[in-house]
Amino acid sequence: QTWWTVFDDAALTSLIERARISNLTLREAMWRVEEARSLRGVVAGQRFPGVGLDGNAVRSEASKNGLLGGVVPDEAFEPANRFDLGVAASWELDLWGRIRRQVEAADAEVAASVEDYRDVLVSLYAEVATNYVNARALQERLRLANANVEAQESTLQLTQDRFDSGLVSALDVAQAESNLANTRSLIPSLERQLAIAFNRLAVMLAMSPGALDEELSGVVPIPIEPQGVTTGLPADLLRQRPDIRSAERRLAAQTARIGVATAELYPQFSLTGFLGLQSTSGSDLFNSDSFTWSVGLPIRWRLFEGGAVRSQIAAEQARTAQLIANYERAMLLALEEVEDAMISYEKEVSRRGRLAESVDA
């Protein structure tokens with residue numbers, strides 16, 4: 001998890017640690033984890049009874065032309081008050097696992113969001129290191145370009161002196177001027193690339209562009225990579241990939257949602273209750289005679305809704321099949337990326353050896 005320490009570069013280590021603390025993309029991913037955890041708490045709360053305080057104050061008058069007109073005395077149609085105050089509770093009995101499967105899906109979503117956070121972390125570390133190494137390489141290229149300019153200025157002066165002495169033609173002077181101009185033209189491009197690399201590093205640390213220019217201005221050797229790369233077994237490599245673990249957890253969450261939809265085929269049982277006070281007069285509300293209570297066992301069963309329940313189950317199964325394909329694709333792409341990277345590394349090592357021979361020659 002701290003692979004950058006093999007470069008033994010204090011500046012690189014500092015940049016990565018500061019990016020981990022300050023990077024805004026990583027902070028966004030962290031809050032997505034907190035969101036998923038909070039939503040999990042919302043779902044898990046359904047496993048427990050819901051208790052609330054209910055209160056109501058009503059003044060009403062019944063219609064004499066309504067159902068009770070002519071049946072009860074006229075006094076019954078006078079305006080009346082009613083005051084209610086009490087504690088109401090309800091609790092769904094999770095007989096078929098609907099809530100349990102919802103919690104299972106929420107747990108998997110939390111795990112997926114954590115893996116997404118780790119995926120951002122992996123990418124962030126790699127991007128910081130890549131830009132830092134690129135910046136150090138550009139600094140070295142600038143140093144070499146400026147040294148080449150000084151050498152070619154000397155060559156141009158020598159060629160000019162030889163031309164003035166009649167020892168060489170004007171063509172030699174023109175070629176020396178061309179070489180010098182070409183080398184000078186490289187410097188603005190290198191300076192532009194270096195400024196861009198510094199700005200990218202600053203933004204990744206949640207700093208204004210240019211904030212790191214002075215800190216990184218000193219010429220430091222380019223970090224040297226280790227001679228060998230250890231990959232381990234392909235299965236272990238796949239387990240290390242947070243993008244694959246995220247895809248697997250989202251597949252698990254979707255599988256649980258099939259159970260949630262299936263539970264709608266069966267009746268839902270709940271326990272309800274009310275304990276409180278009821279009176280037609282506010283002054284009598286807290287008398288013992290105002291005490292009232294009720295207990296209920298509501299049943300809800302979606303017997304016929306035109307096939308909506310089974311269609312929802314089929315939809316969840318189709319989403320699961322999509323995520324299975326996504327999971328398999330993620331694994332294949334991971335294997336492809338690693339294989340391509342290893343081939344590129346091997347061939348670049350070979351190319352570097354040939355370049356070294358060329359330099360020696």
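You'll find the structure just up there.
Residues numbered from 1 in each chain as written. Predicted model: local features only at pLDDT ≥ 70, side-chain atom pairs only at ≥ 80, totals over all residues. Heavy atoms only, no water.

Caption draft 1: Region of the structure containing the packing of helix α1 (residues 10-22) against helix α2 (residues 24-44). Running from amino to carboxyl end, α1 crosses α2 at an angle of 45°, the nearest separation of the two axes being 6 Å. By the angle between their directions, the pair α1 and α2 is classed as oblique. Contacts between α1 and α2 pair A19, R20, I21 and S22 from the former with L24, L26 and R27 from the latter. (Axes fitted to C-alpha atoms, helices over the stretch in contact; angles between N-to-C directions. Helix = DSSP H or I, 4+ residues; strand = E, 2+ residues; numbered from the N terminus. Parallel < 35°, antiparallel > 145°, perpendicular 65-115°, else oblique. Contact = heavy atoms within 4.5 Å.)

Caption draft 2: Fine view of the pattern of salt bridges. According to the stated counting rule, one finds 25 salt bridges in the structure shown. Notably, a salt bridge pairs E140 with R143, separated by 2.7 Å at the nearest N-O pair. Highlighted residues: E140 and R143, both in helix α3 (residues 98-164), separated by 3 residues, approximately one helical turn. Overall, the relative accessible area of 25% leaves E140 in the partly exposed class. By relative accessible area, R143 is classed as partly exposed at 43%. (Salt bridge = Lys/Arg side-chain N within 4 Å of Asp/Glu carboxyl O. Buried < 20%, exposed > 50% of the residue type's maximum accessible area, 1.4 Å probe, protein only.)

Caption draft 3: A look at the side chain of R136. Examined against the element boundaries, R136 turns out to sit in helix α3. We note that R136 is buried and unpaired, the nearest opposite charge coming from D9 at a distance of 5.3 Å. Aside from chain neighbours lying at most four places away, what touches R136 is A11, L216, G218, V220, P221, I222 and P223. (Lys, Arg positive; Asp, Glu negative; His and termini not counted.)

Caption draft 4: Broad picture of unusual backbone geometry. You will see that D8, though not glycine, has its phi angle at about 55°, which is positive. The topology assignment puts D8 in the segment before α1.

Caption draft 5: Highlighting helix α7 (residues 308-360). End to end, α7 covers 77 Å across 53 residues, agreeing with the expected 78 Å (1.5 Å per residue, within 8%). Turning to α7, the residues buried within the fold contact α5 (234-240) and α6 (242-263). (Expected span 1.5 Å × (residues − 1).)

Caption draft 6: Quick peek at the pairing of strand β3 (residues 268-279). Examined bridge by bridge, strand β2 (residues 80-93) and β3 share 11 bridges and lie antiparallel to one another. Across the sheet, D84 pairs through a bridge with Q278, a residue of β3. As paired elements, β3 and strand β5 (residues 299-300) share 2 bridges and run antiparallel to each other. Paired with F269 across the two strands is I299, which belongs to β5. (Pairing = 2+ DSSP bridges.)

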